[in-house]
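Observations on the model geometry
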Amino acid sequence: MSEKEIKNKEVEAKVSTEQEIISRDKLLEAGTYFGHRVSQWNPKMKKYIWGKRMGIHILDIAATQRSLEYSYKLLNKMAQKQVSFIWVGTKKQAKKAIEEAAHRTNSVYVSERWLGGTLTNSQTIFRSVRELDRLEELQKNGYVGYTKKEGLLFDKKIAKLQKNLGGIRSLADKAVAPQVMISASPMEDEIALREAKKKGIKIIGIQDSNSDPDLVDIIIPANDDSVKSITLITTILADAICAAKGEKQLFAYKPNDEIVLPEEPKKEKPQSPKYNKETSENN
């Protein structure tokens, strides 16, 4: 065997043993390739679409895999430089995954309604945080000096503020504002993305076939309506940040049998209208 052939064999062996960030089988299992109906597509996503079946666009899994690899390496390098992140996903399928990724990476997040001005007029948000701190202190002391009715009204206000501010409450304590936004539902959170653009924040986003790729800087083409798909992708991105800090990874570069995806929530069946004798007789 010639020296050239030996070198070629060595290269082939190296390529064959290189571990993928995530296998195509696992991407298929997560349903990352399912796009929207052909009639709903955004033509700007054309290069990320493999084809169509039964009137549904099929996203290119190879492109998803490449984008995940690139995003992972980028986030890993950023995390080594103490870059600050904000995770955003208010779509119901994204809430849990976004919160878990943010908690793992000690980042701020928004999984409820995006409050306008969170990034562009943060003083307004900080005032709300201070008000929440004040009310919680009153609550802790049993609302001394206030009536029972006033206390109940304070309780409701506290619950509302905690729901809306929970993930970004620590934003006021951060030494630096977020420099990277990771978005799980760009179409639902367009206001958040536009604020990030104004502030020069780099955006990495899951982009379905109906999304506008111009809204984000780094596109991860994938199904953004599936809990499995969103969880798989956000977990790998969180792994990049955790790995930079020497912490455990959950999905990235793991064998398939170690990656357990959540079950998709069962769709609620519409309730049949109750029989109303009076209505029936009137009809």
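Residues numbered from 1 in each chain as written. Predicted model: local features only at pLDDT ≥ 70, side-chain atom pairs only at ≥ 80, totals over all residues. Heavy atoms only, no water.

On to the side chain of Thr32. Looking at where Thr32 falls in the secondary structure, it is placed in the loop between helix H2 (24–29) and strand E1 (34–37). When near neighbours in sequence (up to four residues on either side) are disregarded, Thr32 contacts Leu27, Leu59, Ile61, Ala222, Asn223, Ser229 and Leu232. (Helix = DSSP H or I, 4+ residues; strand = E, 2+ residues; numbered from the N terminus. Contact = heavy atoms within 4.5 Å.)

Bringing the environment of Ser84 into the picture now. Structurally, Ser84 is set in the loop between helix H3 (61–80) and strand E4 (85–88). Spatially, the C-alpha atom of Ser84 lies 8.7 Å from that of Val108, the residues being 24 residues apart in sequence.

This paragraph deals with the sheet that holds strand E5 (residues 108–110). The five strands lie next to each other as E5-E4-E6-E7-E8, forming an open sheet whose pairing is parallel. Strand pairing shows two members of the sheet lacking a second neighbour, E5 and strand E8 (218–221), which therefore form its edges. Across the sheet, the axes of successive neighbouring strands diverge by a mean angle of 15°, strand direction being ignored. For strand E6 (residues 180–183) and strand E7 (residues 202–207), the ladder comprises four bridges, and the chain directions are parallel. (Pairing = 2+ DSSP bridges. Axes fitted to C-alpha atoms, helices over the stretch in contact; angles between N-to-C directions.)

Here we take up the pairing of E7. In terms of burial, E7 is a largely internal element, five of the six residues being buried. Taken together, E6, helix H7 (residues 190–198) and E7 constitute a β-α-β crossover, and its handedness is right-handed. Here E7 pairs with E8 via four bridges, running parallel. The residue bridging Ile204 from the neighbouring strand is Ile218, located in E8. (Buried < 20%, exposed > 50% of the residue type's maximum accessible area, 1.4 Å probe, protein only. Right-handed = clockwise from strand over helix to strand, strands pointing away.)

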